[in-house]
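Residues per chain, in single letters:
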Amino acid sequence: MASTTTALEAPVARRESRGLWRDALDRLLKNRLAIVGGIMVILLGVIAIFGPFISSAFLHPYNEQNVQLTAQYGGRPVPPLAEPGYILGTDKLGRDLLARIFDGAQISMTVALVVQAVVLLIGIPIGAIAGWFGGRIDNYLMRFTDVVYAFPDLLFIIILTMAFRETWFGRAMDGLLLVFVAIGVVSWITMARLVRGQLLSLKETEFVEAARAIGVPDRRIVTRHLLPNAIGPVIVAVTLGIPGAILAEATLAFIGIGAQPPRASWGSLIDDGRDFVRGDPHLVLFPALAVAIALLSFTFLGDGLRDALDPKLKGKQ
Amino acid sequence: MTELPDDIQVETEEGRRLAEQLQDSRRHARKLLEVKNLSTHFFTADGVVHAVDDVSFELDYGETLGLVGESGCGKSVTALSLTRLVPNPPGRIVGGEIIFDGVNVLKLSNEEMRLLRGKRIGFIFQDPMTSLNPTLTIGYQIAESARIHLGLSRRAADDRAAELLSKVGIPRARERMGDYPHQFSGGMRQRVMIAIALACDPMLLLADEPTTALDVTIQAQILELIRSLSAEFGTAVILITHDLGIAAGMCDRVNVMYAGRIVETGAVDDIFEKPRMPYTWGLMDSLPRLDEKKGERLRTIEGLPPDLINPPNECRFAPRCRYARDICREQEPELTPREEERHFARCHGTEPGGWIQ
Amino acid sequence: MVGYIVRRVLWIIPVLLVVSIITFSLMKATPGGPWDREKELSPRQIALLNSKFGLDDPLPVQYIRWLVGWPTDDGGFQRGLLLGDLGPSYRYPDRSVNEIVADGIWTTVQLGVMAFLLAVIVGIPLGVIAALRQNALPDYIATFISVLGITTPSFVIATLLMVVFSVTLGWFPTSGWRGPEYWVLPTVALALAPIASIARYTRASMLEVTRKDYVRTAHSKGLKERTVVLIHMIRNALIPVVTILGPILAFLVTGSFIIELLFSVPGIGRFYVNAIGTRDYGLIMAMTMLYAGAVAFMNMVVDILYAYIDPRIRYS
């Protein structure tokens, strides 16, 4: 049956699809919350990298005390906007709160990086091996993760940090590296399970079977078909795992583990400010706000990435 | 202010019987279902999709009507529109009338519509694996309608459910009332769906591709079940399918749909023996035949269905039609009568005096 | 199903065993001994103390002792962890860990249970309503609380609650545990993050269920909307929510010690924090095992519960 020439002119029920990543990017850019989150994340990154320079140049170094100033306030912290140059006020030792919050941002972003690096380094190989080989290997690996999972996170981190506090590793970065790695060590399980799940299910899908049937070699199957599908959820998991890491670090700092003075983790700032909460709530409020903003930004960005990469999962219509 | 059948409102036993009688006598004079100029559109981010465009047809009491067409032609949406189950957003019935048993369905309140569903109109969906609630026993799911619509007690409803279960061919029905859907095979689950749909002895059964997801051997059983039960209870059936063979075996009349419109309608024998629309020919032609020579290519209809977002004012099949002429592209044909009784086709070329014979 | 339960219960044993080995090893690996206190002790005193507490024996022996027990010099038998004795406290030589724990455990348990109940009773309905009234007021409220719970660390919430309701408004006391009014702030502070998780998860689950085919079937049967939601949707939506109850219980267990610290609640949490600071190995080890055991047990209960309420698993 010959088709008529007008077949080419007729409106056809077809939509263009421009490839997985372009489509995802388009969807992401339509999500305003995700864009806000993304901008904040970039901002935090900038502050983390250039913070000390900015505060030294335009404000005050984060560990510089100014007792003469606080003396004018009866030895108490300086309120925000009360003195020029101290935008958010100071603590009881006259240290610029904004500068200290910048330092906290640096700590938090470093936490995010280091923890996720550890998570990826441990989680992906374990998950991939378990998922690809399946069977007994998968079984033993999963039991191993069950054991790690059974351990209450915070306790494990505390014990770990205490055990290795005196070693060279424990002293790196003023003890911070140890804390970060410890947080990573308890956090990799979700990633491993994710990767394992992806590989297990994708291994058996019809399009892999189809690829094999056409004669595509295994290696290409993995690189061209399996990995691109797995990368999406991995990126989402990394982004959504960051708030947990930041929170863990803040909590530890709050009870005195991790950042030591004069470093100013947001958690330790809140701890310091606790006693002044009645008269000088800014000492608690601003670090808390910083934590909230950081957490929200990564959460929005992560949610946006997830919706962008798999719109089927989207709840809203 | 609605024309709800009296028997749903009347309280006493006598009154109810009287209303039934009245209903019966009125029924001889009218059709069970009259759909007039039904249009259902979907309002999406990409535009308004005219899924069902100005569709009209009738259905007699006890008749079996086939809605045949390819994926996306609007047959499922038509059925959903009849019970106002079109997902909203983004879909909406934007025009037309649906008169069911003398009642104007589109004018009913939500509550009144709810009373119709299940009780007067039963629905069988395509995928039995997902259409049953996995956390409720099948006995419960069947008895639920009976309890709510017929006012039966728990026990009476369970009895009725067991009866129905056995009637649809589930062995040891009573024992299996307490089982869960995942303990049944696909074919058995579809039988359960049929039991649910028929629980309140509805006047109309809407079967949306009931066998598409099943094995071929099971297909025949399920279809036979639907046929025998509808004959026994006098239930009218609208059978939606893309499979012509199924339509041929089950239906009294057939509507062929394409791109949101009905393009041909008539008695089943007329449609199959004397189709009067090139699309219908194409459908028949594309069926593989036993008497073909091996190695011969299967015949297809070239091209794709049109985009329903802005349907052009031409015959929607024209781009793919080998018989199309200029008039086909300038003006969309109406459904006009053909030789046989109640046989209509939407085609310029096959009209009396046209260029296709 | 029974097989599953049995396996799940037995599984706890190796898990806790490994946990105990790890805890023990880490404790022993920590430099600095339990005797590094303010007072300077002479080497002889240290040696005596070490001997008394069996700290100079080979590690595996110490481990077995700690875990199971050992016969004492006078012919009796000193029980170990598995047999119920949590060991001595190095910091408070006159009190055993058992006593210290007994002192505070019920308070901690009470706090945890109340927070859990609050989280479930508030979180689930919040999630359900938010899903049903998407983008309307209830959804925004639920989302707001969720966001608050997720982004605000519990210690910040605790501090803020204290400031607003205790210091400023004076409705509730800041510290102590002497009556119902003392319970409110700590419970709310502890429960907020779980409320947020549960609400969020429930909402997502409900939204997914809304689009399922069996919901369409339920509508086609002409059921009342209320019936469809309560009987058909919620049952299915809640099943996945059970899976996060495990981690939530774990959070309540471990997060409680921070709340206890802040509100001076006399539970075992503050002992734990102090023990960390003072390197009281006995207390640390015992309490870690206690916490880990509780978490493992609760996870097991949750897993079994999950298998039970999903008919697809129960009857298979």
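Residues numbered from 1 in each chain as written. Chains lettered and ligands numbered in written order. Predicted model: local features only at pLDDT ≥ 70, side-chain atom pairs only at ≥ 80, totals over all residues. Heavy atoms only, no water.

**Student:** Tell me what's going on with the overall build of chain B, and back it up with residues and numbers.
**Tutor:** Helices and strands together make up the secondary structure of chain B, namely 12 helices and 12 strands. Relative to its length of 357 residues, chain B is compact, with a C-alpha radius of gyration of 22 Å against a globular reference of 21 Å. Overall size of chain B, expressed as C-alpha extent along the three principal axes, is 65 × 55 × 45 Å. A buried classification covers 55% of the 357 residues belonging to chain B. For chain B, the exposed area adds up to about 16000 Å²; of that, 49% sits on carbon and sulfur atoms. Charge centroids of chain B, computed over 43 positive and 54 negative side chains, lie 3 Å from each other. (Helix = DSSP H or I, 4+ residues; strand = E, 2+ residues; numbered from the N terminus. Rg over C-alpha atoms; globule rule 2.2 N^0.38 Å. Buried < 20%, exposed > 50% of the residue type's maximum accessible area, 1.4 Å probe, protein only. Areas by Shrake-Rupley, 256 points an atom, 1.4 Å probe, with all protein chains shown as cover. Lys, Arg positive; Asp, Glu negative; His and termini not counted. Charge placed at Lys NZ, Arg CZ, Asp CG, Glu CD.)

**Student:** Run through the interface of chain C and chain B, naming residues and quoting values.
**Tutor:** On the chain B side, the residues contacting the 20 residues of chain C number 26 residues. Summing the contributions of chain C and of chain B, the shared interface buries around 2200 Å²; its carbon and sulfur component is 58%. Run the count over chain C and chain B and you get one salt bridge. Here Glu144(B) ties to Lys221(C) by a salt bridge, and the two come within 3.0 Å at their closest N and O atoms. The tally of links from chain C across to chain B stands at 14 residue pairs in polar contact (both at pLDDT 80 or more). (Contact = heavy atoms within 4.5 Å. Buried area = accessible area lost by both parts, 1.4 Å probe. Salt bridge = Lys/Arg side-chain N within 4 Å of Asp/Glu carboxyl O. Polar contact = N/O pair within 3.5 Å; in protein donor to acceptor, adjacent residues only side chain to side chain.)

**Student:** Quick rundown of the sheet that holds strand 2 (residues 47-59) of chain B? Include the residues and the values.
**Tutor:** Residues and elements named next belong to chain B. What the four strands build is an open sheet, ordered 2-1-4-5; its pairing is antiparallel. Two strands bound the open sheet, and with one partner strand each, they are strand 2 and strand 5 (103-104). Pairing analysis gives eight bridges linking strand 1 (residues 33-44) to strand 4 (residues 91-100), with the strands arranged antiparallel. The residue of strand 4 that forms the bridge with His41 is Arg92. Against the sheet, helix 2 (residues 75-82) touches strand 1, strand 2 and strand 4, its axis set at about 110 degrees to strand 1. (Pairing = 2+ DSSP bridges. Axes fitted to C-alpha atoms, helices over the stretch in contact; angles between N-to-C directions.)

**Student:** How would you sum up the pairing of strand 2 of chain B? Please name residues and give values.
**Tutor:** Two strands pair when backbone bridges link them, and strand 1 of chain B and strand 2 of chain B are joined in this way by eight bridges, in the antiparallel orientation. Paired with Phe42(B) across the bridge in strand 2 of chain B is Val49(B).

**Student:** So what's going on with helix 1 (residues 2-29) of chain C? Which residues, and what values?
**Tutor:** Spanning 28 residues, helix 1 of chain C covers 41 Å between terminal C-alpha atoms, matching the ideal 40 Å at 1.5 Å per step. Here helix 1 of chain C has its buried residues at Arg8(C), Trp11(C), Ile12(C), Val15(C), Val19(C), Ser20(C), Thr23(C), Phe24(C), Leu26(C) and Met27(C). (Expected span 1.5 Å × (residues − 1).)

**Student:** I'd like a rundown of the pattern of salt bridges, residues and numbers included.
**Tutor:** All names here are of chain A. On inspection of all chains with the given rule, the structure shows 31 salt bridges over all chains. Measuring nitrogen to oxygen at the nearest pair gives 2.8 Å for the salt bridge that ties Arg306 to Asp303. Here the residue Arg306 and the residue Asp303 both occupy positions in helix 12 (residues 282-309), the gap between them amounting to three residues, near one helical turn. Of the residues examined, Arg306 reaches a relative accessible area of 33% and is grouped as partly exposed.

**Student:** An account of unusual backbone geometry is needed here, citing residue identities and associated values.
**Tutor:** With a phi close to 50 degrees, Ala259(B) is a non-glycine residue in the positive phi region. Look at Ala259(B) and you get buried, because its relative accessible area is 5%. At Ser264(C), a residue that is not glycine, the phi angle is positive and equals roughly 50 degrees. For Ser264(C), the position within the fold is in the loop between helix 9 (225-263) and helix 10 (269-278). Given the relative accessible area of 42%, Ser264(C) is considered partly exposed.

**Student:** I'd love a proper account of the interface of chain A and chain C, names of residues and values included.
**Tutor:** Contacts between the two partners involve 41 residues from chain A, matched on the other side by 41 residues from chain C. Summed over both partners, the interface of chain A with chain C comes to about 3700 Å²; 79% of that surface belongs to carbon and sulfur atoms. Of all residues in chain A, Leu155(A), Ile159(A) and Met162(A) give up the largest surface area on contact with chain C, accounting jointly for 16% of the area buried on that side. Between the two partners, chain A and chain C, sit one salt bridge. One salt bridge in this structure joins Arg200(C) and Asp303(A), with 2.7 Å as the shortest N-O distance. Where chain A meets chain C, there are one residue pair in polar contact (both at pLDDT 80 or more). Elements represented by at least two residues in the side of chain A that touches chain C include exactly helix 5 (135-150), helix 6 (153-164), helix 10 (218-254), helix 11 (266-273) and helix 12 of chain A. When the residues that make up the side of chain A that touches chain C are grouped by side-chain class, the tally is 27 nonpolar, five polar and nine charged. (Nonpolar A, V, L, I, M, F, W, Y, C, P; charged D, E, K, R; others polar.)

**Student:** Please provide a residue-by-residue account of a nonpolar patch on the surface, values included.
**Tutor:** Residues and elements named next belong to chain A. Side chains of Ile42, Val46, Ile49, Phe50 and Phe53 sit close together on the surface and give an oily, nonpolar patch of about 530 Å² of accessible area. Assignment of secondary structure puts Ile42 in helix 2 (residues 32-58). According to the relative accessible area criterion, Ile42 is exposed, its value standing at 57%. (Patch = residues over 30% accessible without salt bridge, like charges linked within 9 Å, V, L, I, M, F, W, Y side chains within 5 Å.)

**Student:** Could you give me a rundown of the environment of Asp243(B), with the residues and numbers involved?
**Tutor:** All names here are of chain B. Relative to the assigned elements, Asp243 resides in the loop between strand 8 (236-241) and helix 9 (244-250). Each C-alpha atom of the pair Asp243 and Thr212 lies 8.7 Å from the other, and the pair is 31 residues apart in sequence. Here the side chain of Asp243 touches Gly245 through a polar contact of 2.8 Å, landing on its backbone nitrogen.

**Student:** Give me helix 9 of chain C: which residues, what numbers.
**Tutor:** All names here are of chain C. Here helix 9 contains 39 residues, and its C-alpha end-to-end distance of 45 Å is more than 12% below the 57 Å for a straight helix at 1.5 Å per residue. The element helix 9 is largely enclosed, with a buried count of 28 among its 39 residues. Note on helix 9: the residue one or two positions beyond its end, Ser264, has a positive phi of about 50 degrees.

**Student:** Explain the sheet that holds strand 7 (residues 204-208) of chain B residue by residue, including any values.
**Tutor:** All names here are of chain B. With respect to topology, eight strands assemble into an open sheet ordered 6-7-8-3-9-10-12-11, the strand pairing being mixed. Two strands lie at the open edges of the sheet, namely strand 6 (121-124) and strand 11 (336-337), each paired on one side alone. Pairing analysis gives two bridges linking strand 10 (residues 261-267) to strand 12 (residues 344-345), with the strands arranged antiparallel. Bridged to Thr265 within strand 12 is Phe344.

**Student:** So what's going on with the side chain of His50(B)? Which residues, and what values?
**Tutor:** Residues and elements named next belong to chain B. You can see His50 is positioned in strand 2. Given a relative accessible area of 18%, His50 falls into the buried group. Reaching out from His50, the side chain makes a polar contact with the side chain of His41 at a distance of 3.2 Å.

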